[in-house]
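# Topology and contacts: notes
Each chain is listed here by its residues.
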Amino acid sequence: MGDIDLHFHSSISDGVLSPAAVIERAALNGARLLALTDHDCTLGLDAARTCAQALGVGWIDGVEISVSWGQSQHTVHIVGLGFDARDRVLLQGLAQLRQGRLMRARRIADSLAQRGIFDAYNGALAYATQADLVGRMHFARFLIAQGYAKDTRAVFRRYLTPGKPGYVKHQWATLEEAVSWISGAGGMAIIAHPGRYQMGPTLMRKLLLAFKDAGGEGIEVVSGCHSAKDNQHYAVIAQQFGLLSSVGSDFHAPGFGREVGRTLALPASCRPVWERLL
Ligand code: AMP
Ligand code: MN
Ligand code: MN
Ligand code: MN
């Protein structure tokens, strides 16, 4: 029996491997059930699904939707799994988010230009497969190539996080929109990598209640961005809030973070999302 990985990226969004290549890599790593979850986009699903089926690996359609939530407009990511990938409302919502991405990229570039870093818009777009899929990771690659920082860690710390020259405020989807697009398309909404949000327990509780109210059903208990302690903590939270539990590497590129298709097992107390999805 191989592993289950329900959150990772291809070069369609901000990963480096094509949809087929990332599925091949996951299969070689021993995966038995996969969901590709590119940011705000389902364009890689057909190629990835075809590849998974050819390799005899289990498949679920996925996406990771960007949300701004609450009074301070925290960026929160919602993974959608098992939806109808042709659903018009979902596709329209994602297209709208991508238009916002493109506008944000112009503002990021303007902000960098004020600090003397010019032509970052075209620079970042050169790393994106499609202009409206441009994200901070593409700016990161441009800035590193130009010698402004030595690696991803450093470039995010110095340029691309709140308060830094290449960070601008942006309004993504509302929590209610993201959850309703996913559930309206017959899928399941899942809070991605909760351990990454800079929220205290009170705000996190508020988020989880709002998420459940909107119709959200799952939470990523095991994530490549979590520590072992985070995994244990969110297993308890899943039980307390009556949420199903998911597992994902959040893989973007070989050699960084957790490998695609190689995840840790869910703690025994968890009810897995795939029992509902398969
Ligand atoms: P965006 O949706 O364009 O704002 O970009 C978010 C993406 O940037 C995340 O999915 C990660 O891939 C990447 N990212 C965000 N923060 C960091 C960080 N501190 N270090 C490395 N990558 C990051
Ligand atoms: Mn990403
Ligand atoms: Mn994310
Ligand atoms: Mn992700």
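Below you will find a few notes about this structure. Everything numeric here is computed off the predicted structure, so don't read it as measured data. (Residues numbered from 1 in each chain as written. Chains lettered and ligands numbered in written order. Predicted model: local features only at pLDDT ≥ 70, side-chain atom pairs only at ≥ 80, totals over all residues. Heavy atoms only, no water.)

### Here's the deal with the coordination of the manganese ion (ligand 2)
- Donor atoms from the polypeptide that bind the manganese ion (ligand 2) are Asp14 (OD), Asp14 (OD), His39 (NE2) and His252 (NE2), placed at 2.2 to 2.8 Å.
- Counting along the primary sequence, the residues that act as donors to the manganese ion (ligand 2) give the motif D-x24-H-x212-H.
- Metal-to-metal, the separation of the manganese ion (ligand 2) and the manganese ion (ligand 3) is 5.7 Å. With aspartate 14 in the loop between strand 1 (3–5) and helix 1 (19–28) and histidine 252 in the loop between strand 8 (244–248) and helix 10 (274–277), this residue pair connects regions lying 238 residues apart in the sequence. (Donors = N, O, S within 2.8 Å, 3.2 Å for Na, K, Ca; no water. Helix = DSSP H or I, 4+ residues; strand = E, 2+ residues; numbered from the N terminus.)

### Structural notes on the site of ligand 1
- Close to ligand 1 lie Asp14, His39, Arg101, Arg104, Gly135, Arg136, Met137, Thr152, Phe156, Arg196 and His252.
- Contact distances for ligand 1 include 2.9 Å between an oxygen atom and a side-chain N or O atom of histidine 39.
- Between an oxygen atom of ligand 1 and a side-chain N or O atom of histidine 252, the distance comes to 2.9 Å.
- When the free accessible area of ligand 1 is taken as 500 Å², the share hidden by the protein chains comes to 81%.
- One can see that ligand 1 is located within the largest pocket.
- Looking at the shell around ligand 1, the elements that each hand over two or more residues are helix 3 (88–114), helix 5 (136–145) and helix 6 (152–160).
- The class makeup of the residues in the shell around ligand 1 is two nonpolar, four polar and five charged. (Near = heavy atom within 4 Å. Polar contact = N/O pair within 3.5 Å; in protein donor to acceptor, adjacent residues only side chain to side chain. Areas by Shrake-Rupley, 256 points an atom, 1.4 Å probe, with all protein chains shown as cover. 1 Å grid on protein atoms, 1.4 Å probe; cavity = no way out; pocket = protein on both sides within 12 Å on 5 of 7 lines; lining within 4 Å. Sits in = over half its atoms within 2 Å of the grid points. Nonpolar A, V, L, I, M, F, W, Y, C, P; charged D, E, K, R; others polar.)

### Focus: the packing of aromatic side chains
- Overall, the coordinates contain one aromatic pair when judged by the stated rule.
- For the ring pair tyrosine 148 and tyrosine 159, a centre distance of 6.1 Å and an interplane angle of 75° mean the geometry is edge-to-face. Within this pair, whereas tyrosine 148 is found in the loop between helix 5 and helix 6, its partner tyrosine 159 is found in helix 6, the two being separated by eleven residues in sequence.
- Classification of tyrosine 148 by relative accessible area gives partly exposed; the value is 29%.
- Stacked on the ring of tyrosine 121, the Lys or Arg arginine 106 has its end atom at 4.1 Å from the ring centre. (Phe/Tyr/Trp six-rings, centres within 6.5 Å; stacked < 30°, edge-to-face > 60°. Buried < 20%, exposed > 50% of the residue type's maximum accessible area, 1.4 Å probe, protein only. Lys NZ or Arg CZ within 6 Å of the ring centre and 35° of its normal.)

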